[in-house]
Amino acid sequence: MNDKIFDYCLRIGDSSLILSHRIGEYCSKAPILEEDLAITNVGLDLLGQAESFLNYAAELKGNTTADELTFKRKEKDFRCLHLVQTPNIDFAFILTRQFLIDCYHQTLFNQLINSQDERISGISKKAIKEINYHLKRSTEWILRLGLGTDHSNQRLQNAVNELWMYTDELFIDNETDIKMDKLNIGPLSSSLKNPWEQLVTSTLRSASIEVPEANLYSLQYGKNGFHTEYLGYILAEMQHLPLLYPDASW
Amino acid sequence: MEDEKKLIQFQQKIDQDIKIEPRDWMPEKYRQTLIRQISQHAHSEIIGMQPEGNWLTRAPSLRSKKILMAKIQDEAGHGLYLYCAAETLGIKREQFLQWLHEGKAKYSSVFNYPTLTWADMGAVGWLVDGAAIVNQVSLQGTSYGPYARAMVKICMEESFHQRQGFEIMVQLANGTKEQKEMAQDAVNRWWWPSIMMFGPHDSESAHSNQSLKWKIKRESNDELRQRFIDKTIEQGHHLGLIFPDPNLKLNPETNHYDYSPIDWDEFWNVVKGNGAGNRQRLNHHIKAHEDGKWVREAAIAYAKKSNLKQKSA
Amino acid sequence: MSDEDQGILWEVFIQVKAGRPFKHVGSLHAYDKEMAMKAARDLYTRRNEGNGIWIVKAENIISSDINDGESFFDPSNDKIYRHPTFYKIPDGVKHI
């Protein structure tokens with residue numbers, strides 16, 4: 001049983017970890033200084049959430065730590081979603097990725113605060129406050145870009161079109177989902193699809209952005225340990241020091 | 001005649017430690033000096049995000065990743081406080097950025113040095129921030145109100161930065177042989193650049209005297225430099241690391257540490273922007289600014305449309 | 001570069017605790033009020049300093065004229081009866 005909770009914590013923790021890593025890459029590159037600060041706050045929240053879930057995962061597994069899970073795990077043992085692995089192509093991609101994940105997080109964590117697993121519900125009660133803020137922030141930016149200039153509308157539309165295929169994975173159930181649902185620890189991923197779609201669609205429509213057709217693109221998902229090519233490079237960078245100096249502690 | 005009277009009154013205010021506020025009369029040269037100094041300070045905070053950002057994606061623990069991210073964010077915040085303080089002198093942020101991009105405005109040349117290993121995150125925090133803090137603590141008493149207030153806020157927030165750096169140094173100095181070597185190498189590379197951060201010797205400094213008289217600066221370059229050296233050497237001994245200066249010795253007469261002559265050729269070389277670091281830092285900033293142009297345009301257009309809508313509603 | 005490239009200037013006031021007055025803490029740049037409010041939160045309450053935030057467009061602040069200083073503020077100099085320390089209270093009288 002613990003195996004599946006472990007897997008579930010990895011999925012949530014790894015996704016937040018990798019997204020915050022991508023936000024870290026963007027540091028000092030935002031369009032205006034105020035935005036640099038704001039987006040870093042989101043990155044810090046996500047990193048904190050990742051740490052909480054990975055700490056719990058480490059306890060469930062025993063004889064390991066969140067740091068060891070982060071810096072010494074092999075790529076195929078990561079469980080992060082493909083969407084968070086996608087690169088920082090420009091502000092439109094960064095924002096769209098964030099907005100899609102914020103909507104997903106809000107629908108997911110609204111369930112997790114009632115989890116039968118006390119650790120998960122505890123972490124989630126703190127996280128949901130942060131997530132609600134993230135979503136307000138990204139929603140406002142979607143409106144600014146969508147309704148700002150023709151050019152910004154096109155760039156946002158392009159990012160939405162390109163990233164849309166990665167949203168499919170968010171709502172695929174695997175064995176872990178089924179087990180979590182059975183134990184009342186977490187919802188079936190598939191059950192999140194409707195509320196998520198409503199949330200996303202209403203904002204995108206208000207921003208004059210067309211909602212793409214759902215498009216199942218692959219059966220190999222991050223939550224099952226099959227990743228995009230991007231993840232290998234992220235880990236190569238992130239894990240570089242602990243792997244190069246295996247005896248050192250940091 | 002009128003100006004001369006005002007000038008005397010101005011100096012009297014300064015002498016009585018009354019802060020000068022944006023709408024008060026001030027000599028044009030006072031304003032110009034502040035514009036140069038505060039914007040240079042702001043640019044330094046912003047450019048200073050880059051050498052540390054260079055290791056953000058390679059921080060070796062979750063804790064250090066989190067701390068480094070928060071620290072770089074603080075630097076963005078400090079740049080922001082300072083740009084706002086500088087703006088009270090009647091220059092807009094757009095103009096400050098343009099001067100930076102055109103190479104007309106300077107920033108602290110220490111940020112042109114590369115950060116080559118993780119130990120540099122320790123050395124930058126401990127030595128570079130350490131030197132900056134000595135300067136900033138002194139500037140809390142600067143005569144221009146908005147600048148002084150920004151400094152008070154910055155000093156309050158900076159106190160964790162130097163500790164963060166020192167903590168990394170402690171960890172490395174007590175770590176494996178390779179970690180110790182890494183720490184020593186970083187001290188070797190960052191010691192002299194941090195000492196040079198205080199600028200030329202008092203005898204060579206172009207702006208110092210008038211700035212001291214107007215209390216824009218409260219202490220001279222050499223006084224601040226000496227204070228930094230004295231307190232840092234004690235900390236270094238605690239780490240068991242060696243400073244790259246064989247002449248560092250406590251002088252029993254002055255009770256201060258003596259040090260070797262500074263290599264000013266290197267200093268001026270870096271200040272003048274020779275070397276790869278300068279191009280890299282500026283190009284990074286310019287690229288981010290240009291990449292963000294369409295986003296800023298969208299935000300401006302959106303704000304205008306929302307205003308129109310509100311008015312017609 | 002456009003004159004409004006960096007947005008407009010806003011002044012930020014923070015209330016540290018419920019019941020306390022809002023105090024000016026600094027300024028920031030933003031394009032609209034939503035962004036200004038969030039930037040104020042992200043910039044000025046990172047260390048848990050805030051319970052409430054006011055933001056005002058800097059251009060909407062009306063300030064006293066520095067050149068009027070004497071006629072504006074000096075007349076209240078000698079009206080010390082407005083301050084409680086003006087009054088003599090016999091020793092031992094409390095809570096007044």
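Note that the coordinates shown come from a computational prediction; the quantities given were computed from them, not determined experimentally.

Trainee: Is there a simple way to explain the overall build of chain B in this structure?
Mentor: Looking only at helices and strands, chain B features 13 helices and two strands. For chain B, whose C-alpha radius of gyration is 21 Å, the value lies close to the compact-globule estimate of 20 Å for 313 residues. With respect to the three principal axes, the spread of C-alpha positions in chain B is 70 × 50 × 35 Å. Out of the 313 residues in chain B, the part that is buried amounts to 58%. Sequence-distant contacts, at least 24 apart, represent 77% of the contacts inside chain B between residues at least 6 apart. In the structure as shown, chain B presents an accessible area of about 13,900 Å², 53% of it carried by carbon and sulfur atoms. One way to put it: in chain B the 41 positive side-chain charges average out to a point 8 Å from where the 39 negative ones average out.

Trainee: I tried to follow the sheet that holds strand 3 (residues 52–57) of chain C on my own but got confused; where do I start?
Mentor: Strand pairs in the sheet, formed through backbone hydrogen bonds, run parallel or antiparallel to each other. Residue and element names in this part refer to chain C. If you walk across this open sheet you meet the three strands as 2-1-3, and the pairing is antiparallel. For this open sheet the edge positions go to strand 2 (23–30) and strand 3, each flanked by a neighbour on one side alone. Taken pair by pair, the neighbouring strands of this sheet meet at an average axis angle of 30°, ignoring direction. Two elements, strand 1 (residues 8–15) and strand 2, share seven bridges in a ladder whose sense is antiparallel. In the strand pairing of strand 2, Leu9 is matched with His29. On the sheet, helix 1 (residues 33–44) packs against strand 1, strand 2 and strand 3 and is oriented at approximately 125° with respect to strand 2.

Trainee: Got a minute to help me understand the nonpolar core in this structure?
Mentor: Inside soluble globular proteins, nonpolar side chains tend to come together where they are buried. Among the nonpolar cores identified, the biggest contains 185 residues, and Tyr30 and Trp191 of chain B together with Leu28 of chain C are the most heavily contacted of them. When residues in this core are grouped by element, the largest group, 14 residues, is from helix 2 (residues 33–61) of chain A. In contact with Tyr30 of chain B, not counting residues within four places along its chain, are Phe10, Ile14, Ile20, Ser143, Tyr144, Trp214 and Ile216 of chain B.

Trainee: Just checking my understanding: could you explain the interface of chain C and chain B for this structure?
Mentor: Often, the extent of an interface is quoted as the loss of accessible area on bringing the components together. Each side of the interface is counted separately: chain C has 24 residues, and chain B has 25 residues. Across the chain C to chain B interface the summed buried area is about 2,200 Å²; carbon plus sulfur atoms make up 50%. For the interface between chain C and chain B, the tally reads six salt bridges. Between Glu4 of chain C and Lys304 of chain B there is a salt bridge; the shortest N-O distance is 2.8 Å. The interface formed by chain C and chain B contains eleven residue pairs in polar contact (both at pLDDT 80 or more).

The rules behind these values
Residues numbered from 1 in each chain as written. Chains lettered and ligands numbered in written order. Predicted model: local features only at pLDDT ≥ 70, side-chain atom pairs only at ≥ 80, totals over all residues. Heavy atoms only, no water. Helix = DSSP H or I, 4+ residues; strand = E, 2+ residues; numbered from the N terminus. Rg over C-alpha atoms; globule rule 2.2 N^0.38 Å. Buried < 20%, exposed > 50% of the residue type's maximum accessible area, 1.4 Å probe, protein only. Contact = heavy atoms within 4.5 Å. Areas by Shrake-Rupley, 256 points an atom, 1.4 Å probe, with all protein chains shown as cover. Lys, Arg positive; Asp, Glu negative; His and termini not counted. Charge placed at Lys NZ, Arg CZ, Asp CG, Glu CD. Pairing = 2+ DSSP bridges. Axes fitted to C-alpha atoms, helices over the stretch in contact; angles between N-to-C directions. Core = buried A, V, L, I, M, F, W, Y, C linked by side-chain atoms within 4.5 Å. Buried area = accessible area lost by both parts, 1.4 Å probe. Salt bridge = Lys/Arg side-chain N within 4 Å of Asp/Glu carboxyl O. Polar contact = N/O pair within 3.5 Å; in protein donor to acceptor, adjacent residues only side chain to side chain.

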